[in-house]
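Structural characterization, general
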Amino acid sequence: MFDQLTSRFEDFFKKLRGHGKLTEQNIQQSMREIRRILLEADVNFKVVKGFIERVQEKALGQEVFKSITPGQQVIKIINDELIHLLGEGHSRLDFSGLPPVPLMIVGLQGSGKTTLCAKLALHLRRKGKFPLLVAADIYRPAAIDQLNQLGKQLDLPVWAMGTKNPVKICTESIKEARKTGRDVVILDTAGRLHIDKEMMQELTRIKDAVKPAEILYVADGMAGQDAVNAAREFAERLDYSGIVLTKLDGDAKGGAALSIRAVTGRPIRFIGTGEKPDALEEFHPDRMASRILGMGDIITLVEKAQDTVDQETAEKMAQKIARSEFTLEDFLDQFKQIRKMGSLDQIMSMIPGMGKQLKGMDLNESELNRTEAIILSMTPEERRKPHIINGSRRKRIAAGSGTSVQNVNQLLKQYDQLRSMMKQMGKVKGHGGKFPKIPFPMG
Amino acid sequence: MGIFNKLKGGLSKTRQKLGSQLKNIINSHARIDDELYDALEETLIAADIGVDATLEILDALRDKVKQLSANGKDPDIILDLLAEIISESLSSSVVESELNLDHHPAVILIVGVNGSGKTTSIAKLAYHFQRKNRRVMLAAADTFRAAATEQLLEWGNRVGVTVVHQQSGADPAAVAFDALQSARAKGYDLLIIDTAGRLHNKANLMQELAKISRVLKKQDPDAPHEVFLVLDSTTGQNALQQAKVFQEISGVTGLVMSKLDGTAKGGAVIPICRELNLPLRFIGLGEKKEDLEVFDPAAYAKAILEPEEQPA
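Residues numbered from 1 in each chain as written. Chains lettered and ligands numbered in written order. Predicted model: local features only at pLDDT ≥ 70, side-chain atom pairs only at ≥ 80, totals over all residues. Heavy atoms only, no water.

Residue and element names in this part refer to chain B. Averaged over chain B, the pLDDT score is 87; the fraction of residues at 70 or greater is 89%. In this model, residues 1-5 is a region of pLDDT below 50 whose contacts with residues beyond four sequence positions or in other chains number seven contacts. In the predicted structure, residues 307-312 sits below a pLDDT of 50 and forms eleven contacts with residues beyond four places in sequence or in another chain. Among the scores for the predicted complex, ipTM is 0.90 and pTM is 0.79. (pLDDT = per-residue confidence, 0-100. Contact = heavy atoms within 4.5 Å.)

Across the boundary between the two partners, chain A contributes 37 residues, which contact 43 residues of chain B. When the two sides are added together, the surface that chain A and chain B hide from each other amounts to roughly 3,500 Å², 52% of it contributed by carbon and sulfur. The largest share of the area that chain A buries against chain B comes from P141, M222 and E275 of chain A, three residues that together contribute 17% of it. On the surface where chain A and chain B come into contact, there are four salt bridges. Note that E41 of chain B and R35 of chain A form a salt bridge whose closest N and O atoms lie 2.9 Å from each other. Inspection of the chain A/chain B interface yields 21 residue pairs in polar contact (both at pLDDT 80 or more). Elements supplying a minimum of two residues to the side of chain A that touches chain B: helix 2 (24-40), helix 3 (45-59), helix 7 (143-154) and helix 10 (227-238) of chain A. Per-element tally for the side of chain A that touches chain B: the top contributor is helix 7 of chain A, with five residues. (Buried area = accessible area lost by both parts, 1.4 Å probe. Salt bridge = Lys/Arg side-chain N within 4 Å of Asp/Glu carboxyl O. Polar contact = N/O pair within 3.5 Å; in protein donor to acceptor, adjacent residues only side chain to side chain. Helix = DSSP H or I, 4+ residues; strand = E, 2+ residues; numbered from the N terminus.)

Residues and elements named next belong to chain B. Taking strand neighbours across the sheet as the criterion, the eight strands line up as 3-2-4-1-5-6-7-8 in an open arrangement whose pairing is mixed. Each of the sheet's edge strands pairs with one partner strand only, and the pair in question is strand 3 (162-164) and strand 8 (292-294). Direction aside, the axes of adjacent strands within the sheet are offset by 25° on average. Helix-sheet contacts for helix 7 (residues 172-185) involve strand 1 (106-111), strand 2 (136-141), strand 3 and strand 4 (190-195), and the interaxial angle to strand 2 is about 165°. (Pairing = 2+ DSSP bridges. Axes fitted to C-alpha atoms, helices over the stretch in contact; angles between N-to-C directions.)

This part takes up helix 10 of chain A. Residue and element names in this part refer to chain A. The end-to-end C-alpha distance of helix 10 is 16 Å, a good match for the 16 Å that twelve residues give at a rise of 1.5 Å each. Within helix 10, burial applies to A227, V228, A230, A231, E233, F234, A235 and L238. Positive phi appears at D239, one or two residues downstream of helix 10, with a value of about 50°. (Expected span 1.5 Å × (residues − 1). Buried < 20%, exposed > 50% of the residue type's maximum accessible area, 1.4 Å probe, protein only.)

Once that is clear, we can look at the state of the cysteines. Under the defined criterion, the tally for this structure stands at zero disulfides over all chains. Here C117 of chain A is not cross-linked by a disulfide; its sulfur's nearest cysteine counterpart is in C170 of chain A, at 11 Å. (Disulfide = S-S within 2.5 Å.)

With that settled, consider the packing of aromatic side chains. Per the counting criterion, the structure on display carries five aromatic pairs over all chains. Ring plane angle 45° and centroid distance 5.0 Å describe the contact between Y217 of chain A and F234 of chain A, whose orientation is recorded as tilted. Highlighted residues: Y217 of chain A in strand 5 (residues 214-220) and F234 of chain A in helix 10, separated in sequence by 17 residues. Using a relative accessible area of 2% as the deciding quantity, one classes Y217 of chain A as buried. F234 of chain A sits in the buried class, given a relative accessible area of 0%. Here the aromatic rings of Y217 of chain A and Y240 of chain A are separated by 5.0 Å at their centres, their planes lie at 10°, and the arrangement is stacked. Placement of the pair is Y217 of chain A in strand 5 and Y240 of chain A in the loop between helix 10 and strand 6 (242-246), with a sequence separation of 23 residues. Here the guanidinium or amino end of K129 of chain A rests over the ring plane of F95 of chain A, the centre of that ring lying 4.6 Å away. Taking the ring centre of Y37 of chain B as reference, the NZ or CZ of R62 of chain B above it sits at 4.2 Å. (Phe/Tyr/Trp six-rings, centres within 6.5 Å; stacked < 30°, edge-to-face > 60°. Lys NZ or Arg CZ within 6 Å of the ring centre and 35° of its normal.)

Right, here's the structure in full:
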């Protein structure tokens, strides 16, 4: 996620850091470059304008010129402004009301509302809640079936009442929740255009009838310049309390995140990072800013690790990584636990300085399966000392794992790459002197 | 209502705002200067045309303006010139030939990212070709998303076309293969295959798409005869990357742009047409089966740039 934006910023910062002294002229040129990077990342042009003006104003201030590392100063300004744009601090969902607490999910067609409902329900159940899913999309063919099937997959109850009167479906669902002891009600409303007055009024009616504790606006993370128009219109009509960005596992640069937050002033609560029901992350502006700028997101990585890996094993593994003692055996041991945390590229993208190195490395799942088979076909000694794997051993391993010698070679090469990447992790120093303050999570 | 009116109707809100803003700027200028070009640049970028294509279009505009006589350089004509350039860059990629659908049955494979509007577009396409007296069959090869098959079945019902399907989780290539076999045996004219939405950077899902095409070729080496990529008009600069990868993997032959009845202008299609030389074939303007229009570059360029004459 945000990979391309990140790599653009990494290039740009490298250039900027090279300047011993910054002149007004090269600051202005830098601003033009930032403008282009942001526009190509789908940040709304008006938001870009404001951003550039603020950064430029600060960058032209005295401190930058006096500083021995003016480039670093500018980077810090950009980072701060980015966090400012994305909003300060993580804001949690409000469950203070008397249960059942209704949550209303709204958005344009195809933004990913129904999938989000399922993800949110799962997320809340893991936090000890008892959610009820409500099929209030009576328009799209088979939308109710979709929610029913998702409910069945996740073993969660779904309230459906056919294809008439969504307001009534919602109010009845609250009664049902009260009766059956569900404490959160997630209302899946139909996708609609923000300029469709009648359909927007329907949402207002549902809101008035149900009085939801939270209304979440779901926006497509691949959206372009118009994202702000729809988001603003929904905000004016419904006064929603938070934003969810979906499809951020694609390679879109995700600039819509910045724009929507900036234009509506509402916090981004969650981001969707995959099709599986657990591909939902809480949104933290500061972490996202560092991720966009190529500084990694160690905190989320640690949290993910804590969620899925037991503490002791994680620490042991981390120590090995830090000391570059990571053998193929460890690799195999950690294989399943790592995969529980998400895809490898997802994990790697959170490690500072990794964004760049990952380019061109193919990390898809079937490759992972093959990798597992190859390692399983090695003897324990080979796994501990991969350098002893000579030609005839390679042949044997290939035959044993149903792969080719090339595959084995490739794996050994990748293992070498991984090891050198891990060595670098120890050396990675933050940008703008910011990162070293964050303790290295696993070492 | 003709194509143009329908398109205008769908884009009315957009154009009203855009038109009046631009008009104001143009009216306040006695001559064509840099400030005016800046305003035009913002307008094009706001339409998702992208930085590169916008700069190219503006360069072309400057060239055109240069060729005008001194007293012809009235700011009022600038929108016409701009519309002309946009329309040209969209038409140059419209292949002169008709759609490649003369085979019996011809096969259209529909691909795209999640939520772009594939299934709805298929229903509209089915209706469109049915009205042209073609016997249309649909294949539900999205066996992944919950209730995707049910959604297509419901559309099949509404439009009145046959839908071939298997159970959820079935191999999509097998569904496509069986559907083609059935369409051939029963003498259908056109088979439209729905596929699961997938992000283009998911290598294994993209391979699944390649497999569908491979399997179809076992029965008919020319199939699929058309591969349409459905693009959401609200998508930003990522659309170009989507189009590149889908074209590489599944040999996209044309584009369908959905959701143009909103305020998004879908300008991301312009760099796609310019760079990949892919024709935009159809545009979606609503949720009903008849809300599909054959794409007309001139009308589109005009509709997004011309000011509204009467408030909608």
